Amino acid sequence: MEQLLQLDSNLLLLIQEYLRSDVMTPFWKFITFLGDMGWFWITLSVVLLIPKKTRRLGITCLISLAIGTLITNVALKNIVARTRPYEVVSGLQLLIDKQPDFSFPSGHSCASFAVAMVLYRFSPKMWGVLAVVLASLIAFSRLYVGVHYPSDVVVGILIGMFASWVAIKIIKFYDKKKNGS
């Protein structure tokens with residue numbers, strides 16, 4: 001466990017040393033803002049509910065978000081109670097406001113991948129790929145701004161992918177029951 005913490009800390013310091021720049025910081029702050037409280041993904045999912053053609057997709061995205069949020073923000077963050085890296089990694093500079101909750105796992109990453117993977121599966125390929133790219137940018141932004149360890153982000157991504165898989169299974173089961181199969 002100590003080795004993982006050391007690797008996590010070293011990776012954050014490498015990002016700070018070699019990837020941060022005054023020119024790119026506003027971009028990464030904006031990208032991380034898109035993931036704040038899942039607002040972008042929630043809004044997108046609700047917009048998908050409006051046209052009948054994309055309603056099933058919007059419902060699946062919202063179910064995926066709910067599953068990911070329950071696992072990540074309600075359960076694991078409070079069970080693990082991992083301190084944010086900017087509070088313990090010597091020399092790490094925080095680029096945004098301090099976060100009110102625990103670090104593990106990344107809720108931004110989870111929410112982003114929970115929706116992006118549903119979109120990737122059921123949207124036209126271009127939109128699905130764009131969603132995964134944006135989700136990846138949001139996940140990386142959490143490292144760039146110094147609020148998560150890499151392992152927080154990786155686990156958040158995995159939970160988001162799991163949540164999308166479960167949501168898809170739920171919708172398929174519902175469709176099967178509805179169609180009498």
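Rules used throughout
- Residues numbered from 1 in each chain as written.
- Predicted model: local features only at pLDDT ≥ 70, side-chain atom pairs only at ≥ 80, totals over all residues.
- Heavy atoms only, no water.
- Helix = DSSP H or I, 4+ residues; strand = E, 2+ residues; numbered from the N terminus.
- Rg over C-alpha atoms; globule rule 2.2 N^0.38 Å.
- Buried < 20%, exposed > 50% of the residue type's maximum accessible area, 1.4 Å probe, protein only.
- Contact = heavy atoms within 4.5 Å.
- Areas by Shrake-Rupley, 256 points an atom, 1.4 Å probe, with all protein chains shown as cover.
- Polar contact = N/O pair within 3.5 Å; in protein donor to acceptor, adjacent residues only side chain to side chain.
- Arc of directions from axis to C-beta.
- Axes fitted to C-alpha atoms, helices over the stretch in contact; angles between N-to-C directions.
- Parallel < 35°, antiparallel > 145°, perpendicular 65-115°, else oblique.
- Left-handed = near helix turned anticlockwise from the far one by under 90°.
- Core = buried A, V, L, I, M, F, W, Y, C linked by side-chain atoms within 4.5 Å.
- Phe/Tyr/Trp six-rings, centres within 6.5 Å; stacked < 30°, edge-to-face > 60°.
- Lys NZ or Arg CZ within 6 Å of the ring centre and 35° of its normal.

1. Section: the overall build of the protein chain
The helix and strand tally for the protein chain stands at eight helices and zero strands. Ordered by position in the sequence, the α and β elements of the protein chain form the string α-α-α-α-α-α-α-α. Relative to a compact globule of 181 residues, whose C-alpha radius of gyration would be 16 Å, the protein chain shows 17 Å and is just as compact. In terms of overall dimensions, the protein chain has C-alpha extents of about 60 × 35 × 25 Å along its principal axes. Put simply, the protein chain has 181 residues, and 45% of those count as buried. Expressed as a percentage of contacts within the protein chain between residues at least 6 apart in sequence, the contacts between residues at least 24 apart total 79%. Accessible area for the protein chain stands at about 10,000 Å²; split by element, carbon and sulfur atoms hold 69% of it.

2. Let's talk about the side chain of threonine 25
Within the secondary structure layout, threonine 25 lies in helix α2 (residues 25-34). At 2.8 Å, the side chain of threonine 25 and the backbone oxygen of serine 21 are in polar contact. With sequence-adjacent residues up to four places away left out, threonine 25 is seen in contact with Leu95 and Tyr144.

3. Some points on the environment of valine 89
Residue position: valine 89 is located in the loop between α5 (85-88) and α6 (107-122). As for valine 89 and glycine 146, which are separated by 57 residues in sequence, their C-alpha atoms are 9.7 Å apart. Ignoring sequence-local partners within four residues, the contact set of valine 89 consists of Ser9, Leu13 and Tyr149.

4. Structural notes on helix α3 (residues 39-49)
At 3.6 residues per turn, the α-helix brings residues three or four places apart onto the same side. Listing the buried residues of α3 in full gives Trp41, Ser45 and Leu48. Taken down its axis, α3 places every buried residue within 60° of arc, on the same side. Each element contacted by the buried residues of α3 is listed here: α4 (55-80), α6 and α7 (125-144).

5. Description of the packing of α2 against α7
Here α2 crosses α7 at 115°, and the two axes come no closer than 8 Å. It follows from the interaxial angle that α2 and α7 lie roughly perpendicular. In this structure, α2 crosses over α7, and the sense of that crossing is left-handed. From α2, Thr25, Trp28, Ile31, Thr32 and Leu34 reach across to α7, where they touch Leu134, Leu137, Ile138, Phe140, Ser141, Arg142 and Tyr144.

6. Here's the deal with the nonpolar core
Residues Trp41, Cys61 and Leu119 are the most contacted members of the largest nonpolar core, which totals 33 residues. Mapped onto this core, the elements with two or more residues apiece are α1 (2-18), α2, α3, α4, α6, α7 and α8 (150-178). The residues touching tryptophan 41, leaving out its near neighbours within four places in the chain, are Leu65, Ala111, Ser112, Val115, Leu119, Ala131, Leu134, Ala135 and Ile138. Of all hydrophobic cores here, the second largest spans five residues; its members include Ile67, Ala114, Ala163 and Ala167.

7. Here's the deal with the packing of aromatic side chains
Aromatic ring pairs are reported here in terms of the distance separating the ring centres and the angle at which the planes meet. This model, assessed by the stated rule, comprises nine aromatic pairs. Their ring planes at 85° and their centres at 6.0 Å tell us that tryptophan 39 and phenylalanine 40 sit as a pair that is edge-to-face. Residue tryptophan 39 is classed as partly exposed on the basis of its relative accessible area, which comes to 33%. The class for phenylalanine 40 is partly exposed, based on a relative accessible area of 25%. Taken together, the ring pairs in this structure connect Phe30, Phe33, Trp39, Phe40 and Trp41 into an aromatic cluster. Across the ring face of tyrosine 149, the terminal group of arginine 82 is positioned such that the distance to the ring centre comes to 3.9 Å. Just above the ring of tyrosine 120 sits the side chain of lysine 125; from NZ or CZ to the centre is 4.2 Å.

Keep in mind these values describe shape, not function.
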